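Residue-level listing of the chains:
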Amino acid sequence: MAPTSKLSQGIKKASRSHTYHRRGLWAIKAKHGGAFPKAVKTDAVAAVAAPKFYPADDVKPRQPSTRKPNATKLRSSITPGTVLILLAGRFMGKRVVFLKQLKSGLLLVTGPFMINGVPIRRVNQAYIFATSTNVDVSGVNVDKIEDKYFARDKKKKAEKTEDELFETEKQTTKDLPQFKKEDQKAVDAALIKAIEAVPDLKAYLGARFSLRDGDKPHDMVF
Amino acid sequence: MPFKRFVEIGRVALVNYGKDYGRLVVIVDVVDQNRALIDAPDMVRCQINFKRLSLTDIKIDIKRVPKKTTLIKAMEDADVKNKWENSSWGKKLIVQKRRASLNDFDRFKVMLARIKRGGAIRQELAKLKKAAA
C-alpha cells in the first residue's frame, strides 16, 4: 500500500517514520555521506534579461509529435515468390512476382521484365491482390536493392542563356542507367528459369487480370 | 405425376438452408407436420424444418431414432457416400465446389484448356463439313 493511501480524510495509512523509510531519503543521505546533496544553482537563470514582451494569454507552445510510425505489417498471404496482381497504376492488372518488403514498407516486385514488361519496381501493399500461387525465388538475390535505389537523380539546373531560353524545348530523354538494366537481368535470370519449370506459368504472368461477366470478387479464391 | 421421394425414416436429405447448408443427413424421426429429427455421422442429432431439406433418392434401412453407431453402420451398408457421389446431383455439387475453390492460376489454366478444346472441336467440325460437302 502506498503511504499516501488514506484511512480517512486527512489520516494517512503509513506513519511518518514508515513513510520516511519507504521514500528512501535515508539511503540518498547515506550515499552522500550523511547530508543531502545540494543542487548547484546555475546563474543562467539570472543572466537572461527580462523579456520585452509578455504574451497576454498563457499559451502552451506546440510540441512536435514524438510518435514514431510502426513498420508496415506485411500481409500473411504475401511471402517471397508470391504472385501478386497489381490493381492500379501503369501496370494495372499485371501479375508480378513479389521479392521482398523494403524498409519503407513498400513491396519490391518484378514482372519479370521479359515476361510482362514490369521492371524491378516498388508497389504499395494496398494496391495489390495476393494470389496463392508461388514461384521459387531461392535463386534470386535482391540484397542490394533498397529504397535508395529508386531515388530520383537530382537534376542540376543549368544556367540558360537568353538564346537557349527561346529555343524549342529539347527532348531530354531519360535513359535508364546501364547498371539498372543489368540488375534487372540478374534478378530475372534465376526467376525466369523457375517460372519456365512450371507449365503455363509464363503465359499466366504474361496475361493481365480482369473481371468478366459473372465474376464475383468477394466469392473468388485468389 | 405421383411423388417418388417420400419423407420417411431412413430418407437421406440435403440441408439447403442454414448453418448446415450442404450437409447430407438422414431423417431418423418425424416430430410433427413441419419438422423432422435428422442425424448424420459428424453432427449432433437435431430437429429441422422440412422446408430446409431437399430429399434425395437414397434411402437407408434403419429403425426409428437409431444409435449413432447403428446409423453409421447402416449408412456404410447402404453405401450412401458412393451412391451420392455417383449420382448426377452429387456430381454436380462436387464440380461446383471444385470450381469455387480454384485459385487465379487454376482459372487461367481452365481458360487455356477451354480454348484448346474449342479449337479441337472446330477443327473436327470443319473436317466433317468438308467431308459432307
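Residues numbered from 1 in each chain as written. Chains lettered and ligands numbered in written order. Predicted model: local features only at pLDDT ≥ 70, side-chain atom pairs only at ≥ 80, totals over all residues. Heavy atoms only, no water.

### Comments concerning the pattern of salt bridges
Right, on to step 1. Under the defined criterion, the tally for this structure stands at 18 salt bridges over all chains.
Right, on to step 2. One salt bridge in this structure joins A:Asp183 and A:Lys144, with 2.7 Å as the shortest N-O distance. A residue pair is termed long-range when its members are at least 10 positions apart, and A:Asp183 in helix α6 (residues 178-196) and A:Lys144 in the loop between β7 (128-134) and α5 (162-166) qualify at 39 residues.
Right, on to step 3. The exposure class of A:Asp183 is buried, given its relative accessible area of 8%.
Right, on to step 4. Among the ionic pairs, B:Lys127 bridges to B:Glu124, the shortest N-O distance being 3.1 Å. Within this pair, B:Lys127 and its partner B:Glu124 are both found in helix α4 (residues 104-132), separated by three residues, close to a single helical turn.
Right, on to step 5. Residue B:Lys127 is classed as exposed on the basis of its relative accessible area of 53%.
Right, on to step 6. B:Glu124 sits in the partly exposed class, given a relative accessible area of 42%.
Right, on to step 7. Taken together, the shared-partner salt bridges connect A:Arg95, B:Asp104 and B:Arg107 into one network. (Salt bridge = Lys/Arg side-chain N within 4 Å of Asp/Glu carboxyl O. Helix = DSSP H or I, 4+ residues; strand = E, 2+ residues; numbered from the N terminus. Buried < 20%, exposed > 50% of the residue type's maximum accessible area, 1.4 Å probe, protein only.)

### Section: the UniProt feature "domain: Large ribosomal subunit protein eL14" (unreviewed entry) in chain B
Right, on to step 1. UniProt feature "domain: Large ribosomal subunit protein eL14" (unreviewed entry): in the numbering of this structure it lies at residues 45-117 of chain B.
Right, on to step 2. Across residues 45-117 of chain B one finds 62% helix and 15% strand; the C-alpha atoms that close the span lie 47 Å apart. (UniProt positions renumbered as here; feature names shortened; annotations may be inferred.)

### Side note on the sheet that holds strand β5 (residues 53-59) of chain B
Residues and elements named next belong to chain B.
Right, on to step 1. Ordered by their spatial adjacency, five strands build an open sheet running β4-β3-β2-β1-β5, and the pairing between neighbours is antiparallel. A single partner strand is all that each edge strand has here, and the edge strands are β4 (46-49) and β5. Neighbour to neighbour, the strand axes of the sheet diverge by 50 degrees on average, direction disregarded.
Right, on to step 2. As paired elements, strand β3 (residues 35-39) and β4 share four bridges and run antiparallel to each other. Across the sheet, the residue bridging to isoleucine 38 is cysteine 46, located in β4. (Pairing = 2+ DSSP bridges. Axes fitted to C-alpha atoms, helices over the stretch in contact; angles between N-to-C directions.)

### Some thoughts on the nonpolar core
Right, on to step 1. Core analysis: the biggest nonpolar cluster contains 24 residues, and A:Leu99, A:Leu108, A:Val135, A:Ile145 and A:Leu205 have the highest contact counts within it.
Right, on to step 2. Here this core takes five residues from α6(A), the largest share from any one element.
Right, on to step 3. Look past the residues within four positions of A:Leu205 in its chain and what remains in contact with it is A:Val83, A:Arg95, A:Val97, A:Gly111, A:Pro112, A:Ile115, A:Asn116 and A:Ile195.
Right, on to step 4. Counting 15 residues, the second-largest nonpolar core is a separate cluster that includes B:Leu24, B:Val28, B:Ile58 and B:Ala78. (Core = buried A, V, L, I, M, F, W, Y, C linked by side-chain atoms within 4.5 Å. Contact = heavy atoms within 4.5 Å.)

### Structural notes on the environment of A:Val109
All names here are of chain A.
Right, on to step 1. Checked against the element boundaries, valine 109 lands in strand β5 (residues 107-110).
Right, on to step 2. Along the sequence, valine 109 and valine 142 sit 33 residues apart, while their C-alpha atoms lie 10 Å from each other.
Right, on to step 3. Those residues within four positions of valine 109 in sequence are excluded, and the remaining contacts are Leu84, Val96, Val97, Phe98, Leu99, Pro119, Ile120, Arg121 and Val123.

### Some thoughts on the pairing of strand β3 (residues 82-86) of chain A
Residues and elements named next belong to chain A.
Right, on to step 1. For β3, the buried fraction is high: five of the five residues fall into the buried class.
Right, on to step 2. Of the two faces of β3, the one holding Thr82, Leu84 and Leu86 and the one holding Val83 and Ile85 are both buried throughout.
Right, on to step 3. Of the pairings in the sheet, the one linking β3 to β7 comprises four bridges and is antiparallel in character. Pairing of leucine 86 across the sheet is with isoleucine 128, part of β7.
Right, on to step 4. In this structure, β3 lies alongside strand β4 (residues 95-101), joined through three bridges in antiparallel fashion. Paired with valine 83 across the bridge in β4 is valine 97.

### Some points on the environment of B:Ile72
Right, on to step 1. As for its position among the elements, B:Ile72 is in helix α1 (residues 68-78).
Right, on to step 2. A sequence separation of 31 residues divides B:Ile72 from B:Pro41, and the C-alpha atoms of the two residues are 6.0 Å apart.

### Here we look at the side chain of A:Thr110
Residues and elements named next belong to chain A.
Right, on to step 1. For threonine 110, the position within the fold is in strand β5.
Right, on to step 2. Threonine 110 gets classed as buried once you look at its relative accessible area, which sits at 0%.
Right, on to step 3. A polar contact of 3.1 Å, which involves the side chain of threonine 110, links it to the side chain of glutamine 184.
Right, on to step 4. A polar contact is formed between the side chain of threonine 110 and the side chain of aspartate 188, at a distance of 3.1 Å. (Polar contact = N/O pair within 3.5 Å; in protein donor to acceptor, adjacent residues only side chain to side chain.)

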